[in-house]
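Architecture and fold: a report
In case you want the letters, here they are:
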Amino acid sequence: MAEQSVATHAADTMAYQVATDIRALRAFVSAGALARGLSAERVELLTLAVSELATNTLQHTTGGGWVRLWAEPGQLFCDVVDQGPTRAFGRSMPAADSVRGRGLAIVEQICDEVAVLTSPGETVVRIRLSL
């Protein structure tokens, strides 16, 4: 994936720490994506993807996380950032009777691109959708 410069594009951010923050996070992502020109159908997909990633953060890490949303020509980007371990993408969808394990597979299927960026103390899942 090509390097993306967040500093040159207007980005909105929102933190989340507990499960009750997810509703506001969904509203934040939906409004921001619509304002940047993503179609309503694609906004629903982005909102689902971010909700899955944020829920993963809350279930598997401590300290919550934050989301950064911005657009570049023809593209919408969203980073979901936490202090958890690197995510393992590239998995197949779990069996229909599986109780868990669909979140990351769903994110990969509904986004145009998913990348994981890590630095000391931080993991970023960057998702991209074409506008």
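For the structure, see preceding data.
About the cut-offs
Residues numbered from 1 in each chain as written. Predicted model: local features only at pLDDT ≥ 70, side-chain atom pairs only at ≥ 80, totals over all residues. Heavy atoms only, no water. Helix = DSSP H or I, 4+ residues; strand = E, 2+ residues; numbered from the N terminus. Expected span 1.5 Å × (residues − 1). Buried < 20%, exposed > 50% of the residue type's maximum accessible area, 1.4 Å probe, protein only. Arc of directions from axis to C-beta. Contact = heavy atoms within 4.5 Å. Salt bridge = Lys/Arg side-chain N within 4 Å of Asp/Glu carboxyl O. Core = buried A, V, L, I, M, F, W, Y, C linked by side-chain atoms within 4.5 Å. Axes fitted to C-alpha atoms, helices over the stretch in contact; angles between N-to-C directions. Parallel < 35°, antiparallel > 145°, perpendicular 65-115°, else oblique. Left-handed = near helix turned anticlockwise from the far one by under 90°. Nonpolar A, V, L, I, M, F, W, Y, C, P; charged D, E, K, R; others polar. Pairing = 2+ DSSP bridges.

Turning our attention to helix 1 (residues 22–35). For helix 1, built from 14 residues, the straight-helix expectation of 20 Å at 1.5 Å per residue is met to within 8% by its first-to-last C-alpha distance of 20 Å. Buried within helix 1 we find Ile22, Leu25, Phe28, Val29, Gly32 and Ala33. Looking down the long axis of helix 1, one finds its buried residues gathered within 115 degrees of arc, a one-sided arrangement. Exposed side chains of helix 1 directed beyond 90 degrees from the buried face belong to Arg23 and Ala35. On its buried face, helix 1 sits against strand 1 (11–16), helix 2 (40–60), strand 2 (65–72) and strand 3 (75–82). Looking one or two residues beyond helix 1, the residue adopting positive phi is Gly37, at roughly 100 degrees.

A word on the pattern of salt bridges. Applying the stated criterion to the full structure yields five salt bridges. Between Arg128 and Glu113 there is a salt bridge, and its shortest N-O distance comes to 2.9 Å. Here the residue Arg128 occupies a position in strand 5 (residues 122–130), and Glu113 occupies one in strand 4 (residues 113–119), the gap between them amounting to 15 residues. When its relative accessible area of 25% is taken as the criterion, Glu113 is described as partly exposed.

Moving on, we get to the nonpolar core. Counting residues in each nonpolar core, the largest one holds 25 residues, and the members touching the most others are Leu25, Leu46, Val50, Val67 and Ile127. Broken down by secondary-structure element, the contributors of at least two residues to this core are helix 1, helix 2, strand 2, strand 3, helix 3 (103–110) and strand 5.

Note that Thr57 resides in helix 2. For Thr57, a relative accessible area of 1% translates into the label buried. In this structure Thr57 touches Tyr16, Gly64, Gly65, Val80, Asp82 and Arg87, once residues within four positions along its chain are discounted.

So, about helix 3. Those residues of helix 3 that fall on the buried side of the exposure criterion are Gly103, Leu104, Ala105, Val107 and Ile110. Against helix 2, strand 4 and strand 5 lie the buried residues of helix 3.

Right, let's talk about the packing of helix 2 against helix 3 for a bit. At a minimum axis distance of 9 Å, the contact between helix 2 and helix 3 shows a crossing angle of 155 degrees. For the element pair helix 2 / helix 3, the angle class is roughly antiparallel. When you trace helix 2 past helix 3, the crossing you get is left-handed. Contacts between helix 2 and helix 3 involve Arg42, Leu45, Leu48, Ala49, Glu52, Leu53 and Asn56 from the first element and Gly103, Leu104, Ile106, Val107 and Ile110 from the second. Considered class by class, the residues forming the contact of helix 2 with helix 3 number eight nonpolar, two polar and two charged.

Quick look at the pairing of strand 3 now. Of all eight residues making up strand 3, seven are buried, and the element is well covered by its neighbours. As judged from the eight bridges shared by strand 2 and strand 3, these two strands associate in the antiparallel manner. What sits directly across from Gly65, in strand 3, is Asp82. Adjacent in sequence and paired antiparallel, strand 2 and strand 3 are bridged by two residues, among which Gly74 carries a positive phi angle near 80 degrees. Relative to strand 5, strand 3 runs antiparallel, the two being bridged by eight bridges. Bridge pairing links Gln75 to Ser130 in strand 5.

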